[in-house]
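Each chain, letter by letter, is given below.
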Amino acid sequence: MAKINIKIEGIPYEVEEGMTILEAAKSCGYEIPSLCTFNHGECNLGSCRVCLVEATGARGLVASCVYPVSEGMEVRISSPAAVEARRESVELLLSNHNKNCQQCEKNEYCELLHVAKLTGARDDAFAGMHSKTYVDRLAPGLVRDTSKCILCGRCVARCQNAHGLGILGFENRGFNTVVSPAENRSFADSPCIQCGQCVNVCPTGALMEHSEIDLVDEAFRSGKHVIVQAAPAVRAALGEEFGYPIGTPVTGKMIAALRRLGFEKVYDVNFGADLTIMEEGHELLSRMQNGGVLPMITSCSPGWVNYAEYNYGDLLPHLSSCKSPHEMQGAIIKSYWAEQKGIDPKDIFVVSVMPCVAKKFERQREQLQVNGLPDVDAVITTRELAKMIKRSGIMFTRLPDEDWDQDIMGDYSGAGVIFGVTGGVMEAALRTVYFKLTGQEKADIIFEEVRGHDAGIREASLDINGTTVNVAIASGMKSAKVLLDEIRDGKSKYQFIEIMGCPGGCINGGGQPYVRPCFLPNEDDDIIDTYKEKRAKALYSEDERQTVRQSHNNPQIVELYDKFLGAPNTHKAHKLLHTSYAPREGFN
């Protein structure tokens, strides 16, 4: 990239051509107050006008987030005009904002409040009317409150960039403008996949997950047997809520915290992941050997499943019939576990801790019930778990490292751990498929061909004992659409496809801690670009530490089949561990 010369506050600098003033200033050691601290193209409208600066060659003040640098440009950040303009921009945003900060779910992580402090914005500097408020609480996963929206457009861009969907957009004009699904509908009345990526980039509390902490509290009060299970991606990110650097695994402390919160049993969803691989791997082999529908596509991600039901109803036979890991494990808890413990399944309340907002929708599916009982009764996100820990006065950093409960479903393999990373389900399945096709374990257990944390498409062709298995991995629906259109057009060459709803997989789920440099401990320059890689490394490193790294070698999985299920894909296994999907009427 070519270099150009500019001056900032009278000091000469050499910066890359094509940078915005905001980017160039940061590279030179200046942090211009802005609402662009999470800027991957998610906030590129310059609409909030918070980052105004003076620049030679411009007419008046310019928004530094969208204005490019040029040779010889001189930038003034701290001029009286720029300082006052930034303050007034924030004050204008506050003038139409619901300032109930103490009750706001985004408290401690509100970027508007952060920039208000930086600019010295005055409360009620521009008193006047407030636009009409719309609060949408109908969808299982998401809540939208327009009284807190600042019309920055981040959520609009994220939905389009990650999924190509455009669920959110600007409705009405002028003072009546709102960000919403078409015609200001509820999320529940739109083809929203409930992934929560919009929540991850919202700078205020305008978009949040639908909290289920109250459901958990009520379960404790009711005297039920409250069992908790935590997904692998949670341990890779929970520590960020308590001051640990991104990518720090906090498995032991998380388990200790869950016990102190009062859960009767604390289990790892990795057991359910191992069970998923046993069912899914055998389902794949059966389809390949018996002329079944191919390619088979994974069904672990509820956001992706929602997308398929809305947009590709004709391709639903390609989806694996397997339930997702936490739903499988919930079904086993309310059947085999309940039987072994002598407990009526009606008296069991299963809580899943997930990195995912769409899991809240998933748990309410009618197809995910056995004998009229839901497999899972409540889903809380990584962020919600952190809230529960903080309100309980637990000093997370001082907790000892404890281990999962080991009875019946305490063991798990390294294959289960990597489910949280895009490509992880594929690799875990291939480890077992390789064994089933060859009768021996792969010497080098890692399938490097399917690894990678970025959104996009990865593919590999594997020769396993004379059987060619062509596979593909995609995360984010924008990438998935390419593979799905190939299937629809009869051009797909694959036998097995993994699709994850969130770009990068569960480590980047809509319920994970917010990645904002202004709120992160131990900030480093590349944190925004590497947070998915850091979280992924935490899971891959745990896989490497496991003695057992293939799902079919998990001794408790073997025992479960011997004593209860019989074998993968049997009638009993299908009743408890498999499900079905149907097109959503009006959207296909």
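Residues numbered from 1 in each chain as written. Predicted model: local features only at pLDDT ≥ 70, side-chain atom pairs only at ≥ 80, totals over all residues. Heavy atoms only, no water.

Undergrad: Even after reading the chapter, I still don't get the side chain of E427, so can you show me in this structure?
TA: Summarising the element assignment, E427 is placed in helix α15 (residues 424-438). We classify E427 as buried; its relative accessible area is 0%. A polar atom in the side chain of E427 sits 2.9 Å from the side chain of R431. Excluding anything up to four places from it in sequence, E427 contacts I418, I445, I446, F447, V450, R451 and Y540. (Helix = DSSP H or I, 4+ residues; strand = E, 2+ residues; numbered from the N terminus. Buried < 20%, exposed > 50% of the residue type's maximum accessible area, 1.4 Å probe, protein only. Polar contact = N/O pair within 3.5 Å; in protein donor to acceptor, adjacent residues only side chain to side chain. Contact = heavy atoms within 4.5 Å.)

Undergrad: Before we go on, may I ask you to explain the pairing of strand β11 (residues 225-230) in this structure?
TA: It is a general feature of regular strands that their side chains alternate between the two faces of the sheet. Most of β11 is tucked away: five of the six residues are buried. Summarising the sheet, β11 and strand β14 (residues 348-354) pair through six bridges and their orientation is parallel. Each bridged residue has a counterpart across the sheet, and for I227 the counterpart in β14 is V350. Sheet topology note: the β11/strand β12 (residues 265-268) ladder contains four bridges and is parallel. The residue of β12 that forms the bridge with Q229 is Y267. (Pairing = 2+ DSSP bridges.)

Undergrad: Would you mind showing me how to read helix α3 (residues 111-119) here?
TA: Turning to α3, its buried residues number three or more, namely E111, L112, V115, A116 and T119. Seen from one end, α3 has its buried residues packed into an arc of 140°, which puts them on one side. Tucked into the core, α3 has its buried residues touching α2 (80-95) and α4 (154-163). Just downstream of α3 lies G120, where phi reads positive at about 70°. (Arc of directions from axis to C-beta.)

Undergrad: What am I meant to see in empty space enclosed by the protein here?
TA: Taking a probe equal in size to a water molecule and rolling it over the atoms shows the remaining empty space. Under the counting rule described, the total for this entry stands at six cavities of 30 Å³ or more. When its volume is computed, the largest cavity comes out at roughly 290 Å³. In this structure, the largest cavity is lined by 27 residues; those nearest its centre are C300, P355, K359, M500 and C506. Residues belonging to the lining of the largest cavity are distributed by class as follows: 18 nonpolar, eight polar and one charged. By volume, the second largest cavity is sized at about 130 Å³. Going through the elements one at a time, β7 (142-145) and α4 are the ones with two or more residues in the lining of the second largest cavity. Of the residues assigned to the lining of the second largest cavity, the class counts are ten nonpolar, three polar and three charged. (1 Å grid on protein atoms, 1.4 Å probe; cavity = no way out; pocket = protein on both sides within 12 Å on 5 of 7 lines; lining within 4 Å. Points joined across faces, edges and corners; volume = space filled by probe spheres on them. Nonpolar A, V, L, I, M, F, W, Y, C, P; charged D, E, K, R; others polar.)

Undergrad: Where do I start with the pattern of salt bridges in this structure?
TA: As a working rule, side chains carrying opposite charge can pair if their charged atoms are close by. Using the criterion set out here, one finds 37 salt bridges in the structure. For D268, the salt bridge identified is with R235, shortest N-O distance 2.7 Å. Of this pair, D268 sits in strand β12 while R235 sits in helix α7 (residues 232-235), and the two are 33 residues apart along the sequence. You can call R235 buried: its relative accessible area is 0%. Ionic pairing is found between R260 and E402, a salt bridge with its closest N-O pair at 3.0 Å. (Salt bridge = Lys/Arg side-chain N within 4 Å of Asp/Glu carboxyl O.)

Undergrad: What is the right way to look at the sheet that holds strand β2 (residues 11-16) in this model?
TA: Sheets are built from strands that pair by backbone hydrogen bonding, the pairs being arranged parallel or antiparallel. The strand order across the open sheet formed by five strands is β2-β1-β5-β3-β4, and the pairing between neighbours is mixed. Bordering the open sheet on either side are β2 and β4 (62-63), each of which pairs with just one other strand. Bridge analysis of strand β3 (residues 52-55) against β4 gives two bridges, and the strand direction is antiparallel. Note on β4: the bridge partner recorded for L52 is A63. Set on the sheet, α2 makes contact with β3 and β5 (74-76); between it and β3 the angle comes to about 155°. (Axes fitted to C-alpha atoms, helices over the stretch in contact; angles between N-to-C directions.)

Remember, this is a structural readout, not a statement about activity or role.
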